[in-house]
Amino acid sequence: IAVEPRPPEVQEMQLEQDTFFVGDTVTLDLEFTNELTERPRWSKDSVPLQNNERVSIENVGNRVTLIVKDLRLTDAGQYRLISDHCQCSLKSVFS
């Protein structure tokens with residue numbers, strides 16, 4: 001018999017709003033059914049994100065949160081979370 005890893009679930013994240021303003025804070029929060037077995041990775045426009053004074057990435061149990069504070073025009077783009085459980089993407093426009 002052949003056993004292969006299950007392909008990740010692909011879903012598009014939805015926010016109550018998709019337009020934010022300079023200076024706002026945006027929080028992207030996902031909860032999975034099971035606890036994650038690997039550390040999820042966030043990227044913006046295919047560039048990996050790291051914690052810094054404006055970006056906070058938190059992974060606790062089965063919850064993954066990205067917080068971007070003091071939004072700038074350069075924060076507009078497509079945000080993606082990749083883990084062993086899913087590939088999620090979100091396109092947001094900040095104005």
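Heads up: these notes are all about the structure in this document. Values in this document were obtained by computation on a predicted structure and should not be read as measured data.

### Structural notes on the nonpolar core
Soluble globular proteins: nonpolar side chains tend toward being buried together.
For step 1, the next point in the chain: Val26, Leu28, Trp42, Leu49, Ile57, Leu66 and Leu81 are the most contacted members of the largest nonpolar core, which has 15 residues in total.
For step 2, the next point in the chain: Sorting the residues of this core by element identifies β3 (26-31), β6 (55-60), β7 (63-68) and β8 (77-82) as the ones contributing at least two each.

### Observations concerning the pairing of strand β4 (residues 41-44)
For step 1, the next point in the chain: Pairing analysis gives 4 bridges linking β4 to β8, with the strands arranged antiparallel. Bridging across to β8, Arg41 finds its partner in Ile82.
For step 2, the next point in the chain: Examined bridge by bridge, β4 and strand β5 (residues 47-48) share 2 bridges and lie antiparallel to one another. Within β5, the residue paired with Ser43 across the bridge is Pro48.
For step 3, the next point in the chain: Linking β4 to β5, which pair antiparallel, is a turn of 2 residues; within it Asp45 sits at a positive phi near 50°.

### Things to note about the pattern of salt bridges
For step 1, the next point in the chain: Across all of its chains, the model carries 3 salt bridges by this definition.
For step 2, the next point in the chain: Its salt-bridge partner being Asp75, residue Arg54 comes within 2.9 Å of it at the nearest N-O pair. Of this pair, Arg54 sits in the loop between β5 and β6 while Asp75 sits in the loop between β7 and β8, and the two are 21 residues apart along the sequence.
For step 3, the next point in the chain: A relative accessible area of 7% places Asp75 in the buried class.

### Brief notes about the sheet that holds β6
For step 1, the next point in the chain: One open sheet accounts for 3 strands, arranged β3-β7-β6; its pairing is antiparallel. Bordering the open sheet on either side are β3 and β6, each of which pairs with just one other strand. Mean inter-strand twist for the sheet, computed between neighbouring axes without regard to direction, equals 10°.
For step 2, the next point in the chain: Strand direction decides the pairing type here: β3 and β7, joined by 6 bridges, are antiparallel. Residue pairing across strands places Glu31 opposite Arg63, the latter belonging to β7.

About the criteria used
Residue positions are given per chain, counted from 1 along the sequence in the order it is written. Totals for whole chains, interfaces and linings use all residues, but because this is a predicted model, local features are given only for residues with pLDDT of at least 70 and pairs of side-chain atoms are given and counted only at 80 or more. Excluding hydrogens and water, the side-chain values take into account all heavy atoms of the structure. Working definition of a nonpolar core: buried Ala, Val, Leu, Ile, Met, Phe, Trp, Tyr and Cys residues. They are joined through side-chain atoms within 4.5 Å. Partly exposed residues are those whose accessible area sits between 20% and 50% of the maximum for their type, while under 20% is buried and over 50% is exposed, using a 1.4 Å probe and protein chains only. Strands here mean DSSP runs of E at least two residues long; helices mean DSSP runs of H or I at least four residues long; both are numbered from the N terminus. At least two bridges found by DSSP between two strands is the condition for calling them paired. Any carboxyl oxygen of Asp or Glu that lies within 4 Å of a side-chain nitrogen of Lys or Arg is treated as forming a salt bridge with it. Helix axes are fitted to C-alpha atoms over the stretch in contact, other axes to C-alpha atoms as well, and angles between N-to-C directions run from 0 to 180 degrees.

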